[in-house]
Structure formats: structure tokens, C-alpha cells
Amino acid sequence: MSIIKKERSESDFHCHLDMKQFSEDVGSIINDFFVESSGYLISVADPYEENSYDRTRKILNLNENIYAMTAAHPHNADNYSNEIEKRIIEFLDNDKVIAVGECGLDFFYNLSKKDKQVEVFRRQIAIARERNLSLTIHSREAEELVLKILKEEKFCQPVVFHCYTGNMEYAKEILQRGYYISFSGIVTFNQKKTDYLREIAKIVPLDRIFTETDSPYLAPEPQRGKTNTPLFVKYVAEKIAEIKNISLETLNKAVKENIERLI
Ligand SMILES: [Zn+2]
Ligand SMILES: [Zn+2]
């Protein structure tokens with residue numbers, strides 16, 4: 001058997017492969033991804049969705065470079081229960097489930113009550129601490145309180161802010177604390193209002209950066225408006241390499257090493 005060196009090494013740190021948008025062709029998407037790339041896929045599994053864990057278990061078996069994370073999303077905080085927490089903890093027993101996430105606070109959509117979001121976020125932090133796992137944060141218009149809670153909880157394992165949309169000031173605080181920042185397709189959007197994200201991408205050191213799609217949402221340019229897939233993470237990586245004025249290979253290698261630190 002000949003070993004073909006793959007030309008690309010993009011990684012998608014955050015995608016939702018369990019979702020129904022992918023149900024029929026998830027196998028071929030994963031196959032296509034690993035034909036091109038020697039990177040990693042990290043899929044987010046949802047304890048509130050009936051079949052998410054079963055689907056994710058199957059997906060994890062499709063390639064050795066696929067891993068997963070799970071946690072209670074802030075959107076669903078109002079429906080948190082002991083049963084949900086038990087499901088999360090059991091799923092974390094799988095060696096390929098390598099992080100507690102996505103969890104945090106969302107004060108943009110406010111789909112659950114604020115105090116409930118805070119309570120459930122603190123529970124997720126406790127789970128990550130007990131299991132000695134990293135945390136992946138979902139924060140929308142909530143960076144100040146997320147950072148305050150992480151400090152109050154004295155959480156000292158790795159923390160990644162996924163699909164970062166906070167401002168420069170919070171980004172600096174995140175980096176100063178040794179946390180990581182993950183950029184989604186938003187960094188590619190040709191809009192003045194996303195210029196600030198490109199400024200932030202410039203200052204995030206290579207040992208603290210991730211690339212992600214958050215697929216099926218947020219397809220990057222030039223695929224904007226389509227259903228997003230992990231295959232499109234290359235556009236995110238290309239944009240960040242361009243912003244940082246480094247080679248794509250250098251960026252992708254750094255992201256891979258950062259993921260390897262967490263798995
Ligand atoms: Zn999110
Ligand atoms: Zn997500």
C-alpha cells in the first residue's frame with residue numbers, strides 16, 4: 001500500500017456532525033475531508049437531542065482523527081436536569097470525547113433565563129474539573145460574565161472560546177489568562193462590521209489559535225449562504241493565514257498541535 005502524503009492539514013475544531021443537515025451524507029463529507037486533510041475534526045454532541053450521542057458514537061468510529069465534545073448549551077439551560085447531567089457524564093467516559101463543550105452564556109438570543117444559564121454553566125465547569133478536561137465556551141454578548149465566572153470558579157484547565165465574536169479588550173484578557181480563541185467563518189465575511197475580528201486574529205499567537213466551521217451554520221466566504229461543512233474550514237484557515245501573513249501550512253500545523261495538546 002502506498003502512503004500518499006496529504007497536501008493539506010486543516011482542522012475543524014468545532015462542527016455539529018450529529019445534526020440532521022448532515023444525516024445522509026455525513027460519511028462522504030468525513031471521507032472527503034480526510035482525503036484532503038491530515039487534520040482533526042471535533043464534533044459537538046448534544047445531550048438534549050434524542051439521537052445525538054448514538055450518531056456521534058458512529059461518527060467517532062469513521063476516522064481516528066475525529067473526536068467529540070459535549071455539554072449543556074446555554075440555549076437549553078432552562079431544561080437542565082439531573083438526567084441530562086448524567087447523560088453528559090456517561091458520554092464523557094468515551095476516550096474520544098475530549099472536552100466539555102459547548103457551554104457558557106448567550107445573552108444575544110437569551111433562549112434561557114440568565115440565572116439558569118449561569119447555574120448550568122457553573123455545573124459544566126464542575127464536570128470539566130472533575131474529569132480533568134478542557135472547556136469549550138459558547139459566549140454571545142456575555143464575555144464579561146463568562147470571564148468573571150471562570151475566575152470565581154478558579155478553573156485552571158485549558159479553555160477555548162469558540163466562534164469568537166467578543167471585542168479586542170476581552171480577547172486580550174482571554175490571551176493573558178492563557179486561554180485559546182477559535183475563529184469561525186465570520187472572520188472571512190466581507191463586511192466592515194467584522195473587521196475587528198481580523199484585527200483580533202492578527203494578535204492571537206499561533207499556540208493559542210483554532211480554526212472551526214461551527215457547521216452546519218456560518219458558511220465562510222466564498223460559500224456564504226450554503227450549508228456549511230467541515231470541508232469549508234479551509235477558507236477560514238486561508239483567511240487567517242493571509243491576515244497573519246504566514247503560510248497556510250504554518251497555521252494548520254499550529255492548530256493541529258494545539259488540538260493535540262487537548263486530546
Ligand atoms: Zn456556539
Ligand atoms: Zn456550535
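Counting of residues starts from 1 at the beginning of each chain's written sequence and follows it residue by residue. Each chain is given a letter, starting from A, and each ligand a number, starting from 1, according to the order in which they appear as written. Predicted model: local features are reported for residues with pLDDT of at least 70 only, side-chain atom pairs are reported and counted for 80 or more only, and whole-chain, interface and lining totals are derived from all residues. No hydrogens and no water enter the side-chain calculation; it runs on all heavy atoms of the structure.

S.K.: Would you explain empty space enclosed by the protein in this entry?
M.R.: Taking a probe equal in size to a water molecule and rolling it over the atoms shows the remaining empty space. Of the grid points, spaced at 1 Å and generated over the protein atoms alone, those admitting a 1.4 Å probe that cannot get out make up cavities, while open sets with protein on both sides within 12 Å along at least five of seven lines make up pockets; any residue with an atom within 4 Å of a point is treated as lining. Grid points are joined across faces, edges and corners, and a volume is the space filled by probe spheres set on the points. In the structure shown here, the tally under the stated rule is 1 cavity of 30 Å³ or more. The volume enclosed by the largest cavity comes to roughly 50 Å³. Numbering of helices and strands runs from the N terminus, with a helix taken as a DSSP run of H or I at least four residues long and a strand as a DSSP run of E at least two residues long. Secondary-structure elements contributing two or more residues to the lining of the largest cavity are helix H1 (26–36) and helix H8 (233–244). Gly falls in the polar group here, along with every residue not listed as nonpolar (Ala, Val, Leu, Ile, Met, Phe, Trp, Tyr, Cys, Pro) or charged (Asp, Glu, Lys, Arg). When the residues that make up the lining of the largest cavity are grouped by side-chain class, the tally is 4 nonpolar, 1 polar and 3 charged.

S.K.: When you look at the sheet that holds strand S3 (residues 66–70) in this model, what are you seeing that I'm missing?
M.R.: By way of backbone hydrogen bonds, the strands of a sheet pair with one another, either parallel or antiparallel. Between any two strands, at least two bridges found by DSSP are needed for them to pair. Taken together, 8 strands build an open sheet; the order of strands is S1-S2-S3-S4-S5-S6-S7-S8 and the sheet is parallel. Across the chains shown, the open sheet's two edge strands, defined by having one partner strand only, are strand S1 (12–15) and strand S8 (209–211). Mean inter-strand twist for the sheet, computed between neighbouring axes without regard to direction, equals 30 degrees. Throughout, a residue-residue contact means that at least one pair of heavy atoms, one from each residue, lies within 4.5 Å. The axes are straight lines fitted to the C-alpha atoms, using for helices just the contacting stretch, and the angles between their N-to-C directions are given from 0 to 180°. Its contacts with the sheet put helix H4 (residues 114–131) on strand S4 (97–106) and strand S5 (134–140), and the angle it makes with S4 is roughly 160 degrees.

S.K.: So what exactly am I meant to see when it comes to the coordination of the zinc ion (ligand 2) here?
M.R.: By definition of the ideal shapes, a tetrahedral metal site with four donors has angles of 109.5 degrees and an octahedral site with six donors has angles of 90 or 180 degrees. Only nitrogen, oxygen and sulfur atoms qualify as donors, and only when within 2.8 Å of the metal (3.2 Å in the case of Na, K and Ca); with water excluded, sites may look incomplete. Around the zinc ion (ligand 2), the protein contributes the donor atoms His14 (NE2), His16 (NE2), Glu102 (OE) and Asp214 (OD), at 2.1 to 2.3 Å from the metal centre. Because the angles between the 4 donor atoms bound to the zinc ion (ligand 2) fall within 86 to 176 degrees, the donor set is best described as irregular. Metal-to-metal, the separation of the zinc ion (ligand 2) and the zinc ion (ligand 1) is 3.5 Å; Glu102 coordinates the two. On the criterion of sequence distance, the pair formed by His16 in the loop between S1 and H1 and Glu102 in strand S4 is long-range, its members being 86 residues apart. For the pair His16 and Glu102, a shared accessibility class is recorded, and that class is buried. A four-donor site is called tetrahedral if each angle lies between 85 and 135 degrees; a four-donor site is square planar, and a six-donor site octahedral, when trans pairs exceed 155 degrees and the remaining angles lie between 65 and 115; all other cases are labelled irregular. Here the term buried applies to any residue with accessible area under 20% of the maximum for its type, exposed to any over 50%, and partly exposed to those in between, with areas from a 1.4 Å probe on protein chains only.

S.K.: What's the story with the packing of aromatic side chains in this structure? I'm lost.
M.R.: To describe a pair of aromatic rings, one takes the distance between the centres and the angle between the planes. Centre distance within 6.5 Å is the pairing criterion for rings of Phe, Tyr and Trp, where only the six-membered ring of Trp is used; planes under 30 degrees apart are then read as stacked, over 60 as edge-to-face, and the remainder as tilted. Here the structure, examined in full by the defined rule, presents 9 aromatic pairs. On the basis of an interplanar angle of 85 degrees and a centroid distance of 5.0 Å, the ring pair of Phe33 and Phe34 is categorised as edge-to-face. Residue Phe33 is classed as buried on the basis of its relative accessible area, which comes to 3%. We classify Phe34 as buried; its relative accessible area is 6%. A centroid spacing of 5.3 Å and a plane angle of 45 degrees characterise the contact between Tyr180 and Phe210, whose relative ring orientation is tilted. Pair noted here: Tyr180 is in strand S7 (residues 180–183) and Phe210 is in strand S8, with a separation of 30 residues, a long-range link.

S.K.: How should the layout of surface pockets be read in this particular structure?
M.R.: Approximately 960 Å³ is the volume found for the largest pocket. Taken together, 40 residues line the largest pocket, and the ones lying closest to its centre are His73, His75, His138, Asp214 and Tyr217. Going through the elements one at a time, strand S2 (41–45), helix H2 (52–60), S4, S5 and helix H7 (195–203) are the ones with two or more residues in the lining of the largest pocket. At 3 residues, S5 tops the list of elements feeding residues into the lining of the largest pocket. The class makeup of the residues in the lining of the largest pocket is 14 nonpolar, 13 polar and 13 charged.

S.K.: How should the coordination of the zinc ion (ligand 1) be read in this particular structure?
M.R.: All of the protein donors around the zinc ion (ligand 1) are Glu102 (OE), His138 (ND1) and His162 (NE2); their distances to the metal are 1.9 to 2.1 Å. Coordination of the zinc ion (ligand 1) draws on donor residues from a single chain, spaced E-x35-H-x23-H in sequence. Glu102 gets classed as buried once you look at its relative accessible area, which sits at 4%.

S.K.: Help me understand H7, please; the structure alone is not making it clear to me.
M.R.: Residues spaced three or four apart along an α-helix point in a common direction, a consequence of the helix completing one turn every 3.6 residues. Within H7, the full set of buried residues consists of Leu197, Arg198, Ile200 and Ala201. Viewed end-on, H7 has its buried residues packed into an arc of 160 degrees, placing them on one side of the element. Buried residues in H7 make contact with helix H6 (168–176), S7, S8 and H8. Relevant arc is that of directions from the helix axis to the C-beta atoms, nothing else.

S.K.: Sorry, what's going on with the side chain of Thr70 here?
M.R.: Within the secondary structure, Thr70 is located in strand S3. Among the residues examined, Thr70 registers a relative accessible area of 0% and is labelled buried. By the criterion applied in these results, polar contacts are pairs of N or O atoms within 3.5 Å in which, for protein atoms, one can donate a hydrogen and the other can accept it, and in which residues neighboring in sequence qualify only through two side-chain atoms. A distance of 2.7 Å separates the side chain of Thr70 from the side chain of Tyr53, its partner in a polar contact. Aside from chain neighbours lying at most four places away, what touches Thr70 is Ala45, Asp46, Pro47, Tyr53, Ile88, Phe91, Leu92, Val97, Ala99, Val100 and Gly101.

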